[in-house]
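If you want the building blocks of each chain, they are given just below.
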Amino acid sequence: MKVLVTGGAGYVGSHLVELLKLSNFTIHILDDLSTGHLWACQDCPLIQVDLTNRAAVLSILAEGKYDAVFHFAAKSIVSESATNPSIYYNTNVIGSINLLDAMINAGTRNLIFSSTAAVYGTPITNENIDEQHPTNPINTYGRSKLMIEQIIKDYCDAYQLNSIVFRYFNAAGASPSGKIGELHSPETHLIPNILKSIRNESPLSVFGDDYNTHDGTCIRDYIHVVDLAFAHKLALQFLKKNPGFNAFNLGTETGSSVMQVINVCEKLLVVKAEIRIADRRPGDPERLVATNQKACSQLNWRPSNSSLETIINSAWRWEKLLKETKMRKSDHFQ
Ligand SMILES: NC(=O)c1ccc[n+]([C@@H]2O[C@H](COP(=O)([O-])OP(=O)(O)OC[C@H]3O[C@@H](n4cnc5c(N)ncnc54)[C@H](O)[C@@H]3O)[C@@H](O)[C@H]2O)c1
Ligand SMILES: O=c1ccn([C@@H]2O[C@H](COP(=O)(O)OP(=O)(O)O[C@H]3O[C@H](CO)[C@H](O)[C@H](O)[C@H]3O)[C@@H](O)[C@H]2O)c(=O)[nH]1
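Residues numbered from 1 in each chain as written. Chains lettered and ligands numbered in written order. Predicted model: local features only at pLDDT ≥ 70, side-chain atom pairs only at ≥ 80, totals over all residues. Heavy atoms only, no water.

I keep staring at the pairing of strand 8 (residues 204–207) and nothing clicks. Help me out?
Each regular strand shows side chains that alternate between the opposite faces of the sheet. Only one face of strand 8 is covered, namely the one carrying Leu204 and Val206; the face carrying Ser205 and Phe207 has none of its residues buried. Here strand 8 runs beside strand 13 (residues 275–278); their pairing, made up of four bridges, is parallel. Bridge pairing links Phe207 to Ala278 in strand 13. (Buried < 20%, exposed > 50% of the residue type's maximum accessible area, 1.4 Å probe, protein only. Helix = DSSP H or I, 4+ residues; strand = E, 2+ residues; numbered from the N terminus. Pairing = 2+ DSSP bridges.)

Here it is as structure tokens:
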């Protein structure tokens, strides 16, 4: 099978690339390397193009004759989406429309799209969220993702596109191979920030300790990036028998507060983290935890690598490797 992975040089996309490389896939990566890395492409051919370059995207898809497209490429920092909405709507919406049009034009009918729990906004319930929960994003990033979800659905109805939209909760962890992992600049995600602060003996900001949760800090559902990758592979099989549009949550059904995550890191690494309580971060919902029954029953998927211990151990191994190799954006991974 020949597949195109947009954003395959990024964090989540590169973990799918590593998994597909183990099977008999021909993999091309489309990425502008704006937040991705050459080493994360793992020797797969890289087409270095910005998705907003419509003519280029049309021609890449026409020439590639791909069986399926995995669409990870996006801008995904909530705070940046508030200050620079233009880049979010251009990349996430217009870039995705270019890709969809190019797929239809080329006769490529299978799409797996990376969406987010941010499409739900602030949940109206304290229970875990299923796919029927109303979508009401509270930031530009979430709105851009919901817009493209709706556009994908319309393309499925009109042009016989088949698509799975995956709403990831909080992606975390790193490949057990030690070859790839998370490297963002700036890093906004909790787990790499905790590990960095432990490594550098610098304080970690905890954004708010006055939420209505058991310890006052926000609750999230952390899902191992390797489990996310497995779901994408299963999605290809699902699409063969289930054409049309489908949305799935990818989470673990387990919520962990910021303080609980810090405590597990401290326990595993046998250190005390230096914590600074900071103001609440705008746009942070109090509690976001998935119901994953739909993915488990229909895709036969299990988040089997997603205990906090497994996630943090893998992320710590990666963090140490980054320090040892002093990896930089331009480095090729050896
Ligand atoms: N990491 C998470 O916790 C999380 C949670 C929910 C959803 N997601 C979604 O998963 C996807 C991957 O996220 P990630 O954490 O790997 O992000 P990432 O920034 O590591 O990867 C995104 C990749 O897309 C590329 N890219 C960005 N703009 C592009 C453009 N205009 N043209 C071509 N390539 C472009 C980047 O260079 C990068 O390699 C995104 O769509 C994101 O919205 C991530
Ligand atoms: O240095 C930090 C970083 C984060 N946090 C807190 O930790 C929790 C998790 O924050 P992350 O930035 O790790 O993740 P988010 O839940 O904000 O967002 C992630 O998951 C969302 C879906 O749940 C979106 O998809 C988004 O793209 C993705 O980054 C939040 O309460 C945040 O305030 C801190 O206290 N200190």
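Still more ground to cover, so stick around.
So what exactly am I meant to see when it comes to the UniProt feature "domain: NAD-dependent epimerase/dehydratase" (unreviewed entry) in the chain here?
Within this numbering scheme, the UniProt entry marks residues 3–251 as carrying the feature "domain: NAD-dependent epimerase/dehydratase" (unreviewed entry). The span residues 3–251 shows a helical share of 39% and a strand share of 19%, and its end C-alpha atoms are spaced 25 Å apart. (UniProt positions renumbered as here; feature names shortened; annotations may be inferred.)

Just to check I follow, could you spell out the site of ligand 1 for this structure?
Among the 30 residues in the neighbourhood of ligand 1, the closest are listed as Asp31, Thr35, Tyr141, Lys145 and His184. Take Gly10: an N or O atom from its main chain is 3.1 Å from an oxygen atom of ligand 1. Take Asp32: an N or O atom from its main chain is 3.2 Å from a nitrogen atom of ligand 1. Here ligand 1 loses 96% of its free accessible area of 820 Å² to cover by the protein chains. Every element with two or more residues in the shell around ligand 1 is listed here: helix 1 (11–21), strand 5 (110–116) and helix 5 (140–159). Counting residues per element, the shell around ligand 1 draws most heavily on strand 5, which supplies three residues. Partitioning the shell around ligand 1 into residue classes produces 13 nonpolar, twelve polar and five charged. (Near = heavy atom within 4 Å. Polar contact = N/O pair within 3.5 Å; in protein donor to acceptor, adjacent residues only side chain to side chain. Areas by Shrake-Rupley, 256 points an atom, 1.4 Å probe, with all protein chains shown as cover. Nonpolar A, V, L, I, M, F, W, Y, C, P; charged D, E, K, R; others polar.)

What is the right way to look at the pattern of salt bridges in this model?
Proximity of charged atoms lets side chains of opposite charge pair with each other. A complete count under the given rule lists eight salt bridges for this structure. As a salt-bridge pair, Asp101 and Arg54 come within 3.0 Å of each other at their nearest N and O atoms. Taken together, the residues Asp101 in helix 4 (residues 85–106) and Arg54 in helix 2 (residues 54–64) connect sequence positions 47 residues apart. A residue is classified by how much of its surface remains accessible, and Arg54, at 36% relative accessible area, is partly exposed. Close ionic contact of Arg199 with Glu319 constitutes a salt bridge, the shortest N to O distance being 2.7 Å. You can see Arg199 sitting in helix 6 (residues 190–200) and its partner Glu319 sitting in helix 10 (residues 308–325), a full 120 residues away along the chain. (Salt bridge = Lys/Arg side-chain N within 4 Å of Asp/Glu carboxyl O.)

Explanation requested: empty space enclosed by the protein in the structure shown.
Which parts of space are left empty comes out when a probe the size of a water molecule is rolled across the atoms. As enumerated under the stated definition, the model contains two cavities of 30 Å³ or more in all. The calculated volume of the largest cavity comes to roughly 70 Å³. Lining the largest cavity we find Tyr11, Gly173, Ala174, Glu182, Ile191, Pro192, Leu195, Ala315, Trp318 and Glu319. Elements with a minimum of two residues in the lining of the largest cavity: helix 6 and helix 10. Across the lining of the largest cavity, the residue classes break down as seven nonpolar, one polar and two charged. A volume near 40 Å³ is recorded for the second largest cavity. Around the second largest cavity, the lining residues are Ala9, Gly10, Tyr11, Ser14, Thr35, His37, Ala40, Gly181, Leu183 and His184. (1 Å grid on protein atoms, 1.4 Å probe; cavity = no way out; pocket = protein on both sides within 12 Å on 5 of 7 lines; lining within 4 Å. Points joined across faces, edges and corners; volume = space filled by probe spheres on them.)

Is there a simple way to explain the environment of Glu127 in this structure?
Within the element layout of this structure, Glu127 appears in the loop between strand 5 and helix 5. Residues Glu127 and Leu288 lie 161 residues apart in sequence; the distance between their C-alpha atoms is 9.0 Å.

What is the right way to read the site of ligand 2 from this model?
Neighbouring ligand 2 are 22 residues, the closest being Thr116, His189, Arg220, Arg281 and Asp284. Here an oxygen atom of ligand 2 and a side-chain polar atom of Asn193 are 3.1 Å apart. For ligand 2, a nitrogen atom lies 2.8 Å from a polar atom in the backbone of Ser205. Protein chains shield 91% of the accessible area of ligand 2, which is 680 Å² for the free molecule. At the level of secondary structure, the elements contributing two or more residues to the shell around ligand 2 comprise helix 6 and strand 8. Of the residues belonging to the shell around ligand 2, the class tally is twelve nonpolar, seven polar and three charged.

Looking at this structure, I do not really get the packing of aromatic side chains. What am I missing?
The way to describe two aromatic rings as a pair is by their centre distance and the angle between their planes. Within the structure shown, the criterion is met by five aromatic pairs. Pairing Tyr155 with Tyr159 gives two aromatic rings, centres 5.0 Å apart and planes at 75°, and the pair type is edge-to-face. Of this pair, Tyr155 and Tyr159 both sit in helix 5, four residues apart, which is roughly one turn of the helix. Each ring, one from Phe166 and one from Phe248, has its centre 6.2 Å from the other, and the planes form 50°; the classification is tilted. Here Phe166, found in strand 6 (residues 162–168), pairs with Phe248, found in strand 11 (residues 245–250); they are 82 residues apart in sequence, far enough to count as distant. Of the two residues, Phe166 and Phe248, neither departs from the other in class, the shared state being buried. (Phe/Tyr/Trp six-rings, centres within 6.5 Å; stacked < 30°, edge-to-face > 60°.)

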